[in-house]
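Examining the three-dimensional arrangement
Here is what each chain is made of, one letter per residue.
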Amino acid sequence: MAAWDLTVTVEDLGPDAPPLQISVTSDLHIGGVILKLVEQTKLKKDWSDHALWWEQKQQWLLRTGWTLDKCGVHADARLIFTPQHKPLRLCLPNGATLKMRACFSSSVFRTVMGICRVLNIRHPEELSLLRPVEEKKKKKDKDSSEELYDLTDVPLTAGSVQALYNGMPAHFADSPKTEAVYKMLSVSLPSPAPEAIAKLYRPASVVDKTHIHTRWLDSSRSLMQQGIQENDRIWLRFKYYTFHDMDPKYDAVRLTQLYEQARWAILLEDIDCTEEEMMLFGALQYHIGKLSLSQDVVSTCQGMDDLESALKSLEVKMVGDGNSTDILDNMTAPVLNDYLKIFRPKRLTLKGYKQYWCNFQDTSISYYKSSEDRFGEPIQQLNLKGCEVAPDVNVAGQKFCIKLLIPAPEGMNEIYLRCENEKQYSQWMAACKLASKGLTLLDSSYQSEVKNIQTFLSMQRSNSAAPTAQTDDSINTHSLVSPRYHKKYKPKQLTPRILEAFQNVAQLSLTSAILKFLQIWQALPDFGISYFMVRFKGSRKDEVLGIANNRLIRIDLGVGDVVKTWRYNNMRQWNVNWDIKQVAIEFDGNINIAFGCVNADCKVVHEYIGGYIFLSTRSRQQSDTLNEELFHKLTGGHEAL
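The structure reproduced in this document is the subject of the present report. (Residues numbered from 1 in each chain as written. Predicted model: local features only at pLDDT ≥ 70, side-chain atom pairs only at ≥ 80, totals over all residues. Heavy atoms only, no water.)

Before going further, it helps to spend a moment on the nonpolar core. Ranked by internal contacts, the top residues of the largest apolar core, which has 119 residues, are Leu 98, Leu 119, Leu 129, Trp 521, Ile 547 and Ile 585. Ignoring anything within four residues of it in the chain, the contact list for Trp 521 reads Tyr 241, Phe 243, Leu 258, Ala 262, Ile 266, Ile 271, Phe 281 and Phe 527. By size, the runner-up hydrophobic cluster in this structure holds 34 residues, among which are Leu 382, Ala 431, Cys 432 and Ile 453. (Core = buried A, V, L, I, M, F, W, Y, C linked by side-chain atoms within 4.5 Å. Buried < 20%, exposed > 50% of the residue type's maximum accessible area, 1.4 Å probe, protein only. Contact = heavy atoms within 4.5 Å.)

The next thing to look at is helix 17 (residues 628-635). Residues of helix 17 that are buried include every one of Glu 628, Phe 631, His 632, Leu 634 and Thr 635, and no others. Projected onto a plane normal to the axis of helix 17, the buried residues spread over an arc of 165 degrees and lie on a single side. Seen from the buried face of helix 17, the exposed residues on the opposite side, beyond 90 degrees, are Glu 629 and Lys 633. Here the buried face of helix 17 lies against helix 3 (108-119), strand 24 (571-577) and helix 16 (602-615). (Helix = DSSP H or I, 4+ residues; strand = E, 2+ residues; numbered from the N terminus. Arc of directions from axis to C-beta.)

Once that is clear, we can look at the sheet that holds strand 7 (residues 97-103). Across the sheet, 5 strands lie side by side as 8-12-6-7-9; this open sheet has mixed pairing. Strand pairing shows two members of the sheet lacking a second neighbour, strand 8 (127-130) and strand 9 (148-150), which therefore form its edges. Neighbour-to-neighbour, the strand axes of the sheet open up by a mean angle of 45 degrees, direction not taken into account. Note: strand 6 (residues 85-91) against strand 7, 7 bridges, orientation antiparallel. Among the inter-strand pairings, Cys 91 is bridged to a residue of strand 7, identified as Thr 97. (Pairing = 2+ DSSP bridges. Axes fitted to C-alpha atoms, helices over the stretch in contact; angles between N-to-C directions.)

Pairing within the open sheet is antiparallel, and its 7 strands lie in the order 23-22-21-20-26-25-24. Both outer strands of the open sheet, strand 23 (562-567) and strand 24, are each paired with one neighbouring strand and no more. Averaged over all adjacent pairs, the angle separating strand axes in this sheet is 30 degrees, with direction ignored. For strand 20 (residues 530-536) and strand 21 (residues 543-547), the ladder comprises 5 bridges, and the chain directions are antiparallel. Bridging from a neighbouring strand, Met 533 pairs with Val 544 of strand 21. Relative to the sheet, helix 16 contacts strand 20, strand 21, strand 22 (551-555), strand 24, strand 25 (582-587) and strand 26 (591-597), its axis offset from that of strand 24 by approximately 155 degrees.

Close approach of charged atoms allows side chains with opposite charge to pair. Within this structure, the stated rule accounts for 27 salt bridges. The partner of Glu 125 in a salt bridge is Arg 618, with the nearest N and O atoms 2.5 Å apart. With a gap of 493 residues between them, Glu 125 in the loop between helix 3 and strand 8 and Arg 618 in the loop between helix 16 and helix 17 connect regions that are remote in the sequence. As far as burial versus exposure is concerned, Glu 125 and Arg 618 are alike and both buried. Between Lys 633 and Glu 629 there is a salt bridge; the shortest N-O distance is 3.7 Å. Taken as a pair, Lys 633 and Glu 629 lie in helix 17 at a separation of 4 residues, close to a single helical turn. Summarising the burial analysis for this pair, Lys 633 and Glu 629 share the class exposed. Connected through salt bridges with shared partners, the residues Arg 122, Glu 125, Glu 126, Asp 245, Asp 251, Arg 254 and Arg 618 form a single ionic network. (Salt bridge = Lys/Arg side-chain N within 4 Å of Asp/Glu carboxyl O.)

Further remarks concern helix 1 (residues 30-41). Compared with an ideal rise of 1.5 Å per residue, which puts 12 residues at 16 Å, helix 1 spans 17 Å between its outermost C-alpha atoms and is within 8% of the ideal. Against strand 1 (4-10), strand 2 (20-24), strand 3 (50-54), strand 4 (59-61), helix 2 (68-71) and strand 5 (78-83) lie the buried residues of helix 1. Two residues or fewer after helix 1 comes Lys 42, characterised by a positive phi angle close to 60 degrees. (Expected span 1.5 Å × (residues − 1).)

A cluster of basic residues, Lys 346, Lys 351, Lys 354 and Lys 369, forms a positive patch at the surface. With respect to the helices and strands, Lys 354 occurs in strand 14 (residues 354-361). (Patch = residues over 30% accessible without salt bridge, like charges linked within 9 Å, V, L, I, M, F, W, Y side chains within 5 Å. Areas by Shrake-Rupley, 256 points an atom, 1.4 Å probe, with all protein chains shown as cover. Lys, Arg positive; Asp, Glu negative; His and termini not counted. Charge placed at Lys NZ, Arg CZ, Asp CG, Glu CD.)

One can find Ser 106 in the loop between strand 7 and helix 3. Within polar-contact distance, the side chain of Ser 106 engages the side chain of Thr 111 at 3.4 Å. Excluding residues that lie within four positions of it along the chain, Ser 106 makes contacts with Thr 111, Arg 221, Ser 222 and Leu 223. (Polar contact = N/O pair within 3.5 Å; in protein donor to acceptor, adjacent residues only side chain to side chain.)

Burial of the side chains of strand 8 extends over both faces: Leu 127 and Leu 129 are buried on one face and Ser 128 and Leu 130 on the other. Note that strand 8 and strand 12 (residues 233-238) share 4 bridges and pair antiparallel. Along strand 12, the bridge assignment pairs Leu 129 with Leu 236.

On to unusual backbone geometry, then. One non-glycine residue with positive phi stands out, namely Asn 120, at about 65 degrees. Along the chain, Asn 120 falls in the loop between helix 3 and strand 8. Overall, Asn 120 belongs to the buried group, its relative accessible area being 12%. Despite not being glycine, Asp 245 has its phi angle at roughly 55 degrees, a positive value. Turning to its location among the elements, Asp 245 is positioned in the loop between strand 12 and helix 7 (252-267).

Our next topic: the packing of aromatic side chains. Aromatic ring pairs are defined here through the distance separating the ring centres and the angle between the ring planes. A full pass over the atoms with the stated rule returns 29 aromatic pairs. Between Phe 343 and Tyr 353, the aromatic rings sit 5.2 Å apart at their centres with planes inclined by 50 degrees, giving tilted as the arrangement. In this pair, Phe 343 sits in strand 13 (residues 336-343) while Tyr 353 sits in the loop between strand 13 and strand 14, placing the two residues 10 residues apart along the sequence. For Tyr 353, a relative accessible area of 30% corresponds to the partly exposed category. Over the ring of Trp 235 we find Arg 237; its NZ or CZ atom is 4.5 Å from the centre of that ring. Above the ring of Tyr 608, the side-chain terminus of Lys 239 is found at 5.0 Å from the ring centroid. (Phe/Tyr/Trp six-rings, centres within 6.5 Å; stacked < 30°, edge-to-face > 60°. Lys NZ or Arg CZ within 6 Å of the ring centre and 35° of its normal.)

Below, the structure is given as structure tokens:
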């Protein structure tokens, strides 16, 4: 075969070195090309991490056994011989920037697994990488102001479970520098200054929230293929809001980073909450901040905390393993019926709440004029399966309402239930939440859900009996609440309210306080919804599609109301037409929807839906092995097949 010249740039020779010309034939394999290159450079070094990158085609030539002919490489190809692992500036959920090596040649899914292995974060499938928000450069702002934590010397290990040394992974115990990095990762950082919060980008509307999610990287392609260069800034965030098997003993970093992501979502008004909830979030942040300052990196979870977390994880694992008497009790469903006030907002009517006798059975509520009529036909039966449930509560004002959006053929019907007191509200709210997921009162989680709601309400109650420290000079209240409250209240007005809420959480340990913060965050109505701007087939206006871990939500842009929801468990199939970039989904009952994405690539939406369905297949037994092939099948699109 005729020999021809192949031009290859070798990065290690320096930026000004001319490309090397090597004489090859078309049946030479990639490994042979690399061998010739290395001989020609005359550099003595470890070349094992290097590979060939084909610039015009934007692809790696990683199969060393393939010939140039099979790869389609001809004399006009410009190849670059470069390391596969390069440094990245990784911006973590807590706002710190970490410089570390990452793999630029494998899929982003694999790259994230490698990063999480070094950082000691289990379940890397819940995280991903996204491009940062473009920051406006000010001339007087020096670029070097950010503090960089450096982990570039840490080797990328192959094992999945790290050996712990003094409570931290062995590769962090090498030097004081790496120990400091581990402390930054596993201990919550002090509250930011109010000025720092005010400077950061805050989404002003749902439309702004849709822009954030357009920036996720494609999990099935490599960093290089997506234009990411060495030393680029990139964000690491939790992408999917289903957190599997949280264990404080092993998940110090994962728990802290998740808490930080939740805290910033609340401070930057990414997620809405009531004023009472904001005061409670502020109190928990204050408490966690105080405990974190006195925290030694090694003893993060020892002694009582250890026992507590062991009991907690045991409790989680034992759910459903009740003894025989419990099983007998559970055979009969708890009865839930009482007088409640019901309000159905209709246009142009000013009718208020009206009292009815309500009976909760299976997943529906039937209501009657009075308890005497309960053996007759109900006025109406509300089937709550697949409905949206949101609290409408003001503890101080003794208002305990449940807002229900119930699916109907033409959209969603809005109904409010008003309860008399906390006890009644907790029972009905828990029942509605379970029913929306298709679960009945027989479900083992009913009692714990009631208990959770009651503790959450008791935390918001003002604790008049306890002597409150009305002032504390060390507390900077504006750094504990979102900027909306900076405008509304002066710090001296906020301090007593946050300290009052603090009385209810002051006895919690650090781990419990973080878990409590995450639990309340997860109970917010808008929790875990990622927004995308779409246009539905047959519609002439843009709308917003919310993707959550169990459902899709159609939101009207004009009023911001939920128009319709569809649950994944009713989904039959979904397809993407990659030519016209349209996603089509078929649900039970011959319901078909189709939409195109306005500002995101439809691959991002497709990956979100596939990703949530992939995460729902995880079970406790196989928690360590990840079915990567299934992930790519569900999220990869036409390239994966």
